[in-house]
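# Examination of the molecular architecture
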Amino acid sequence: VLSDQSQQVLEILHQTLAPIKDMNYDDVVWEKQQCFVLQSYQLLKFNQKLMQLKEQVTSGSKRGMELAGSRFREERQKQILTQLEVFFKRTKSQHPEGVVVKRIGNDDPRESLRGQWGLFCGDEALPAYQVLGAYAGYLKTPEQYCKAHTSLAKKMAHERYAYTLSSMPGGESLVIDAFGVGNQCMLINDCRFQPFQDDTFNSQPNVAFLEVMQDGWPYVFIITKKRIQPGAELLMNYGQGYWDGHRLLNETLQSVLDTHREAANALAPLIAGSSEQPIHLE
């Protein structure tokens, strides 16, 4: 009986800590990402509930485009909307323009980002208020998003690339999950120096999220906040709420890891003494 119960406990712990293979962006062929394959900024192919919601919203809404919660002057809004119209008239998804994916150098003062990936300005400077591209990914309800994460490690991996829409018809919240399916915009890093410790900025953000309502339905794009010089990294402010959530997840994962080790040490003699094929514990 003890052996059976011990194995059940271990199965629960192992499921909670099930690892997820992170993406190696050195090997990514961006044209094979789902947002390109399905030729869409929002992936709704397997989400019948949201497809129906989108049809209801767009059919009953005023046709046209507007910037959600915009604080831009009227002249600037017109300039931005003109750029956005080009994106929605395209017959297929395209790469964000004027940017390149690079690894963060080993001499970067942000130690946690060394060897990771970032998005950088290409050979030509990017002007202020230029729309670079859509933040593409699977669109999910919070319930659908949470159900997809069967382990803490998986949740942490997806949370890195998740964006919660603030402008939704009827007040319903939706999440864009870009992990493994989005475009290069998912690699834009936060501007904080040591985000798991405090909110001190390493440098000021030069790009931002831009929520857009097209026929009453929300989309998210990336827009420059100022002129960006060639070779400079694109940085944005993820927001304090984002990092508060990640710090909590990190603490939770560490707590579960500690519990897992304690349980493994305590249960190992029981399992080894009562099973013909002992479970090997790390």
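Note: the structure precedes this text.
All values derive from a computational prediction rather than experimental measurement.

Rules used in this analysis
Residues numbered from 1 in each chain as written. Predicted model: local features only at pLDDT ≥ 70, side-chain atom pairs only at ≥ 80, totals over all residues. Heavy atoms only, no water. Pairing = 2+ DSSP bridges. Helix = DSSP H or I, 4+ residues; strand = E, 2+ residues; numbered from the N terminus. Axes fitted to C-alpha atoms, helices over the stretch in contact; angles between N-to-C directions. Contact = heavy atoms within 4.5 Å. Buried < 20%, exposed > 50% of the residue type's maximum accessible area, 1.4 Å probe, protein only. Phe/Tyr/Trp six-rings, centres within 6.5 Å; stacked < 30°, edge-to-face > 60°.

The next thing to look at is the sheet that holds strand β2 (residues 65–67). Strand order across the open sheet formed by 4 strands is β2-β10-β11-β5, with antiparallel pairing between neighbours. Two strands bound the open sheet, and with one partner strand each, they are β2 and β5 (131–134). Strand-to-strand twist of the sheet, defined as the mean angle between neighbouring strand axes without regard to direction, takes the value 35°. Helix-sheet contacts for helix α4 (residues 74–89) involve β2, β5, β10 (207–214) and β11 (217–224), and the interaxial angle to β2 is about 130°.

Moving on to the environment of Leu53. With respect to the helices and strands, Leu53 occurs in helix α3 (residues 48–59). Exposure remark for Leu53: the relative accessible area of 17% places this residue in the buried category. Spatially, the C-alpha atom of Leu53 lies 9.6 Å from that of Trp217, the residues being 164 residues apart in sequence.

Here the structure, examined in full by the defined rule, presents 12 aromatic pairs. Ring geometry for Tyr135 and Tyr163: centres 6.5 Å apart, planes at 55°, overall tilted. Placement of the pair is Tyr135 in the loop between β5 and β6 (137–140) and Tyr163 in strand β7 (residues 162–164), with a sequence separation of 28 residues. A relative accessible area of 6% places Tyr135 in the buried class. Judged by its relative accessible area of 13%, Tyr163 is buried.

Any functional reading would require information that these geometric values do not contain.
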